[in-house]
Amino acid sequence: MDDHQTQDLIKELVHRLLPSAESGGGGGGGGRDAGGALRFAHRLLSSRLAPAVLPDEHALAESIKRRLAASGRPDDALAFADLHSKLSARSRPASLWPLLYLLDSLSSHRRAAAAASCLPNLPTAAPPRNAASGAAAGAGGRPGARAHGAPPGGVLLVSKDPNIREIALREYTELVLDEMEVSEAALVRDVLYACQGIDGRYVRYDKASDAYDLPDGVRVPRSTRTLVRKLCELGWLFRKVRGFISGNISRSPSDAGTEVGTVAQAFCSALQEELSDYYKLLAVLESYSLNPIPTPGSDSGVSGNYLSLRRLAVWLAEPAVRMRLMAVLVDGCRGLRGGAMAGAIHGHAQHGDPMFQEFMGRLLRRVCSPLFEMVRSWVLEGELEDVFAEFFIVGQPVKAESLWREGYLIQSDMLPSFISPVLAQRILRTGKSINFLRVCCDDSGWADAAAEAAAYVGTTTSRGGLGYGETDALEALVVEAAKRIDSHLMDVIHKRYRFKDHCLAIKRYLLLGQGDFVQYLMDVVGPELSEPANRISSFQLAGLLETAIRASNAQYDDRDILDRIKVKMMDHGDGDRGWDVFSLEYDARVPLDTVFTASVMKIYLKVFNFLWKLKRVDHSLTGVWKTMKPNCIVSSPFYKEGISIRAQFVSVLRKCQVLFNEMNHFVTNFQYYIMFEVLEVSWARFSDEMDAAKDLDDLLLAHDKYLNSILEKALLGERSHGLLRNLFELFDIILQFRSHADRWFERIYELQLRGKGKQKSKSKESGSWLDGGRKAMIQLAGELFRKMGEDLDSIAKDYTASLDAFITQLPMQQHVDLKFLLFRLDFTEYYSRVSSSK
């Protein structure tokens, strides 16, 4: 297309856009308006102005079609689409975007002009100077006058005139410079200084307000002052973070109680590494700040690497987020150390922002590195490398027998939240097992077990290999190491130190399970224990104990076990007898004293004293039976005397026999309950749990349950004090019965000896003294039998009352096994009927 055709098309377009030109026939004022508009159109087309949008022909065409359809002109939209497709086919490869943009702009301007004509109070825009001068020639030469009939504003846009734009920008620049006392470049440099914690020329730190700010005397726009304050917040945050780092790193190691700790040092190191990246960014920004900031209306050829306050706000947006997070962490970790500090930092990592998570993960990997190294060293080596008391496991100096129970504990305040309490307990037990094997068992086989566990989970026993975010790997290592090391510990305890054999020996000798040994011991030490306690020699009792061992099947036990059984004399008062202070003890040595501690052996001593008293009562009843057995009664001379004395003698012996049978029934059934329902059942359960124990904690728990079961079933628990008191009253009454029986039959025996002596003297001498002597003896025997009957009635009355109180309290006990004791004692319901009839 040549220039002539182009000019004709432009002219035709102008005339179509100016209705006045058509109505005026091209003459008069209309012609002058058309001429000016034509010249303005040529000027616009020959200028370098370009729209500030990206050229997209398809998007613009779709926008025009949607606008036509939305305005209720669907036919025009279809016609436009048809014309656009035809014109595009003919004009390719050239683009129709400039033409569409021009037509769309003209249409938009016409709609705006039509809307403005409906608002009479709105002023019309003045045309550009060049267009106004051309229009003034046809309007009487009045400058600034609008052509007659021209639409308000027409197609003349003020912003498209480069001269007016330059004037407006210069005026804006002068206005801004007039309001600002300080240049923007100086403020940018001061803000960069403030971001490094340094006071600038204008922006300085104010202690009163605890912030960086411009002094009130510096005249700057309010928006600029607000922007400077916002940017200087980063400097305040930086000051806080740097103060925390310098306060921890520069602290003297000799300060008592103010040690930083390895976790705090790692945290400071991680913060310092983040600040290093921050310093690099500030260095780049300082280099940009050296370039001059272009003013409005200046040459657009100025380099784009300049730095204004708004550009600085964009640059510092992401560093401000990280610095704010670091400041929050610094405030949250102040005063904390070790696992508590790691847990506090981990609490801030629960966030949904990926950038946030990545930053916290990188920080926590550095912070938790010392903590995970402590866990690895403790689990695989048993070493507690905690110089600054940061680990959640703390050790304390104790004796070897207390190493397992009291040597190592968990500090709950030092346990980080990403390690569960169950995992912490497993970590604690694994390290304890290693130290127990090394210190108490003098065993080094745990090292091979630890190496096998590390190899099984794919790690090594050397430093490293575990870190934050690898909780599953940590748990797998702890579980495998605990399983292998605990298994090795159980093998050492059962095979090398024969734990079950020692438990069985305690049951047989301290819990009196070896019947023949107990019977021989009662027989040989009985006369000695009847003496006052202060006259008994423990060395003599030790010899008697050895005699009982050699006289029973205990002699075939292992000598190491027999050597551990010793005589123990308890503290005694003035009125105590040997029976009250005699006891046996078992010498449990390392490492068995971890289970058989001093408190545990006190419980065994308590049970032994109870069983020893029960055996003593049974032994006493056996002695009564030996004295009053039928052949001894029939052979008595009183059985062959007259009817009166014989009836009195038989009546007393019958009372004695009935009371003995009642006592023997109670003692026999109670002893059966204790020895079989209590001791044997508890031992069977303990034996099963002992074999199933996987670690030392399980073994200790099983042994504690074993002891508690014995205490509760044997009425030695805290809830059975009243019942135990009644039981001891019954024991005392039975022992009182034995004492009276011995005294009674001793006097009967003396009377028998006296009668035999007088019968011998009668054969030598003659006289009537025999009748008088017999009467005297019969009189003494009758008085003895009467006194025996009274004593037996009193003892039977006390025994019946105590037994009734004991049986009445049995159903109120909570332990279910005591119901079996009640059934054995009152299987005929005799005592229940007697109690209900009262």
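Residues numbered from 1 in each chain as written. Predicted model: local features only at pLDDT ≥ 70, side-chain atom pairs only at ≥ 80, totals over all residues. Heavy atoms only, no water.

As annotated in an unreviewed UniProt entry, the chain carries the name Gamma-tubulin complex component and comes from Urochloa decumbens. For the record of the chain, the UniProt heading Subcellular location (unreviewed entry) holds the text "Cytoplasm, Cytoskeleton". (UniProt positions renumbered as here; feature names shortened; annotations may be inferred.)

## Points about the overall build of the chain
When you go through the chain residue by residue, the secondary structure sums to 33 helices and six strands. Residue burial in the chain is summarised as follows: out of 838 residues, 41% are buried. Across the chain, every contact between residues at least 6 apart in sequence was considered, and the portion connecting residues at least 24 apart equals 73%. When the accessible surface of the chain is totalled, it reaches about 45,300 Å², and 53% of it is carbon and sulfur. (Helix = DSSP H or I, 4+ residues; strand = E, 2+ residues; numbered from the N terminus. Buried < 20%, exposed > 50% of the residue type's maximum accessible area, 1.4 Å probe, protein only. Contact = heavy atoms within 4.5 Å. Areas by Shrake-Rupley, 256 points an atom, 1.4 Å probe, with all protein chains shown as cover.)

## A closer look at the side chain of Ser 552
With respect to the helices and strands, the residue Ser 552 is situated in the loop between helix 23 (538–551) and helix 24 (559–562). Look at Ser 552 and you get buried, because its relative accessible area is 2%. Only 3.0 Å separates the side chain of Ser 552 from the backbone oxygen of Ala 548, close enough to count as a polar contact. Apart from the residues within four sequence positions on either side, Ser 552 is in contact with Asp 516, Phe 517 and Tyr 520. (Polar contact = N/O pair within 3.5 Å; in protein donor to acceptor, adjacent residues only side chain to side chain.)

## Notes on the pairing of strand 6 (residues 582–586)
Burial within strand 6 is extensive, with four of its five residues counted as buried. Here strand 5 (residues 565–569) pairs with strand 6 via five bridges, running antiparallel. Considered in strand 6, the bridge of Ile 565 is made with Tyr 586. (Pairing = 2+ DSSP bridges.)

## What about unusual backbone geometry?
Here the bond from Val 590 into Pro 591 is cis, since omega is 0 degrees, no more than 30 degrees from zero. With respect to the helices, strands and loops of the structure, Pro 591 is situated in the loop between strand 6 and helix 26 (598–627). The phi dihedral of Ala 389 falls on the positive side, at around 55 degrees, and the residue is not glycine.

## Section: the packing of helix 22 (residues 515–529) against helix 23
When two helices pack together, you describe them by how their axes are tilted relative to each other and by the distance separating the axes. Contact geometry of helix 22 with helix 23 gives a least axis separation of 8 Å together with a crossing angle of 150 degrees. Classed by the angle they form, the pair helix 22 and helix 23 counts as roughly antiparallel. Crossing angle aside, the handedness with which helix 22 passes helix 23 is right-handed. Residue-level contacts link Phe 517, Tyr 520, Leu 521, Val 524, Val 525, Glu 528 and Leu 529 of helix 22 to Gln 540, Leu 541, Leu 544, Leu 545, Ala 548, Ile 549 and Ala 551 of helix 23. Broken down by class, the residue content of the contact of helix 22 with helix 23 amounts to twelve nonpolar, one polar and one charged. (Axes fitted to C-alpha atoms, helices over the stretch in contact; angles between N-to-C directions. Parallel < 35°, antiparallel > 145°, perpendicular 65-115°, else oblique. Left-handed = near helix turned anticlockwise from the far one by under 90°. Nonpolar A, V, L, I, M, F, W, Y, C, P; charged D, E, K, R; others polar.)

## Quick notes on the packing of aromatic side chains
One pass over the full model with this rule turns up 29 aromatic pairs. Look at Phe 238 and Tyr 279: their rings are 5.9 Å apart centre to centre, the planes differ by 75 degrees, and that puts the pair in the edge-to-face class. Placement of the pair is Phe 238 in helix 10 (residues 222–249) and Tyr 279 in helix 11 (residues 262–289), with a sequence separation of 41 residues. According to the relative accessible area criterion, Phe 238 is buried, its value standing at 0%. (Phe/Tyr/Trp six-rings, centres within 6.5 Å; stacked < 30°, edge-to-face > 60°.)

## Let's talk about a nonpolar patch on the surface
A contiguous nonpolar patch, built from Leu 13, Leu 87, Leu 99, Leu 102 and Leu 103 and spanning about 380 Å² of accessible area, is present on the exposed surface. If you tally residues by element for the nonpolar patch, the top one is helix 6 (residues 97–117), at three residues. Residue position: Leu 99 is located in helix 6. (Patch = residues over 30% accessible without salt bridge, like charges linked within 9 Å, V, L, I, M, F, W, Y side chains within 5 Å. Salt bridge = Lys/Arg side-chain N within 4 Å of Asp/Glu carboxyl O.)

## Thoughts on the packing of helix 26 against helix 29 (residues 696–713)
At a closest axis distance of 11 Å, the pairing of helix 26 and helix 29 adopts a crossing angle of 30 degrees. Comparing the axis directions of helix 26 and helix 29 gives the class roughly parallel. For helix 26 against helix 29, the interelement crossing comes out left-handed. Here Val 600, Ile 603, Tyr 604 and Val 607 of helix 26 come into contact with helix 29, specifically with His 703, Tyr 706, Leu 707, Ile 710 and Leu 711. Classifying every residue of the contact of helix 26 with helix 29 gives eight nonpolar, one polar and no charged.

## A few points about helix 29
Counted at 1.5 Å a residue, the expected span for helix 29 with its 18 residues is 26 Å, and the 26 Å between its end C-alpha atoms agrees. Regarding helix 29, the residues found buried are Leu 696, Leu 699, Leu 700, Ala 702, His 703, Tyr 706, Leu 707, Ser 709, Ile 710, Leu 711 and Lys 713. (Expected span 1.5 Å × (residues − 1).)

## As for the state of the cysteines
All chains considered together, the criterion is met by zero disulfides. With no disulfide of its own, Cys 232 has Cys 195 as its nearest cysteine by sulfur position, at a separation of 6.3 Å. By relative accessible area, Cys 232 is classed as buried at 2%. The thiol sulfur of Cys 440 is not disulfide-bonded, and the nearest other cysteine sulfur, from Cys 441, lies at 6.2 Å. Exposure remark for Cys 440: the relative accessible area of 6% places this residue in the buried category. (Disulfide = S-S within 2.5 Å.)

## Remarks on the nonpolar core
Counting residues in hydrophobic clusters, the biggest one holds 205 residues, and the most contacted among them are Phe 596 and Phe 806. A total of 18 residues in this core trace back to one element, the largest contributor, which is helix 28 (residues 643–692). With sequence-adjacent residues up to four places away left out, Phe 806 is seen in contact with Phe 666, Phe 670, Leu 715, Leu 723, Asn 726, Leu 727, Leu 730, Leu 821 and Leu 825. (Core = buried A, V, L, I, M, F, W, Y, C linked by side-chain atoms within 4.5 Å.)

## What to know about the environment of Glu 274
Looking at the element boundaries, Glu 274 is found in helix 11. Residues in contact with Glu 274, not counting those within four places in the same chain, are Arg 322, Met 326, Phe 359 and Arg 362.

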